[in-house]
Amino acid sequence: GSPGTPEVKVASSEDVDLPCTAPWDPQVPYTVSWVKLLEGGEERMETPQEDHLRGQHYHQKGQNGSFDAPNERPYSLKIRNTTSSNSGTYRCTLQDPDGQRNLSGKVILRVTGSPA
């Protein structure tokens, strides 16, 4: 792969949180979308509905007045029960609320091992 693209390794059938590597501003409540990059430049949406808004709740204050700090990284893509077909390069895109600019980052997922 290209130098500088981080790799995440996960054992087959485990869950994984893919970090968004875009250089975001922590003060801005971006909207995140994920695509998986396929051969030939095609892309497949990889944004599960249940996780889609995680980044936006990240900035809301918790009931005790402090910021919520989920152990999941903000904007991460959760993939459950991985299989070798999940291996590949993923790209996250963060759009700011004004739509002025998009920030993006890539991460490579390698699923190791396979169920017997």
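Our structure is the block above this text.
Before going into details, it helps to say that this report is about the structure given with it. What you see is a predicted model, and the numbers here were worked out from it, not measured in a lab. (Residues numbered from 1 in each chain as written. Predicted model: local features only at pLDDT ≥ 70, side-chain atom pairs only at ≥ 80, totals over all residues. Heavy atoms only, no water.)

Brief notes about the overall build of the chain
Broken down by element type, the chain carries 1 helix and 7 strands. For the chain, the α and β elements follow one another from N to C terminus as β-β-β-β-α-β-β-β. Here the chain holds 116 residues, and 35% of them are scored as buried. Contacts spanning at least 24 positions in sequence make up 65% of the contacts within the chain whose residues lie at least 6 apart. (Helix = DSSP H or I, 4+ residues; strand = E, 2+ residues; numbered from the N terminus. Buried < 20%, exposed > 50% of the residue type's maximum accessible area, 1.4 Å probe, protein only. Contact = heavy atoms within 4.5 Å.)

Details of the nonpolar core
Core analysis: the biggest nonpolar cluster contains 20 residues, and Leu-18, Cys-20, Trp-34, Ile-79, Tyr-90, Leu-94 and Leu-109 have the highest contact counts within it. Residue assignment for this core shows that the elements contributing at least two residues are strand S1 (7-11), strand S2 (16-18), strand S3 (31-37), strand S5 (77-79), strand S6 (88-95) and strand S7 (102-112). It is S7 that provides the largest number of residues to this core, a total of 4 residues. (Core = buried A, V, L, I, M, F, W, Y, C linked by side-chain atoms within 4.5 Å.)

Comments concerning the sheet that holds S3
Strand pairs in the sheet, formed through backbone hydrogen bonds, run parallel or antiparallel to each other. With respect to topology, 5 strands assemble into an open sheet ordered S1-S7-S6-S3-S4, the strand pairing being mixed. The strands lining the two open edges of the sheet, one partner per strand, are S1 and strand S4 (43-45). Between one strand axis and the next, the sheet turns by 35° as a mean value, whatever way the strands run. In the sheet, S3 pairs with S4 via 3 bridges, with the strands oriented antiparallel. The partner of Val-35 across the bridge, within S4, is Met-45. (Pairing = 2+ DSSP bridges. Axes fitted to C-alpha atoms, helices over the stretch in contact; angles between N-to-C directions.)

Looking at the state of the cysteines
Under the definition given, this model contains 1 disulfide. Cys-20 shares a disulfide with Cys-92; S-S distance 2.1 Å. Here Cys-20 and Cys-92 share a disulfide; its torsion about the S-S bond, 75°, makes the bridge right-handed. Residue Cys-20 is found in the loop between S2 and S3, and its partner Cys-92 is found in strand S6; the two are separated by 72 residues along the sequence. (Disulfide = S-S within 2.5 Å.)

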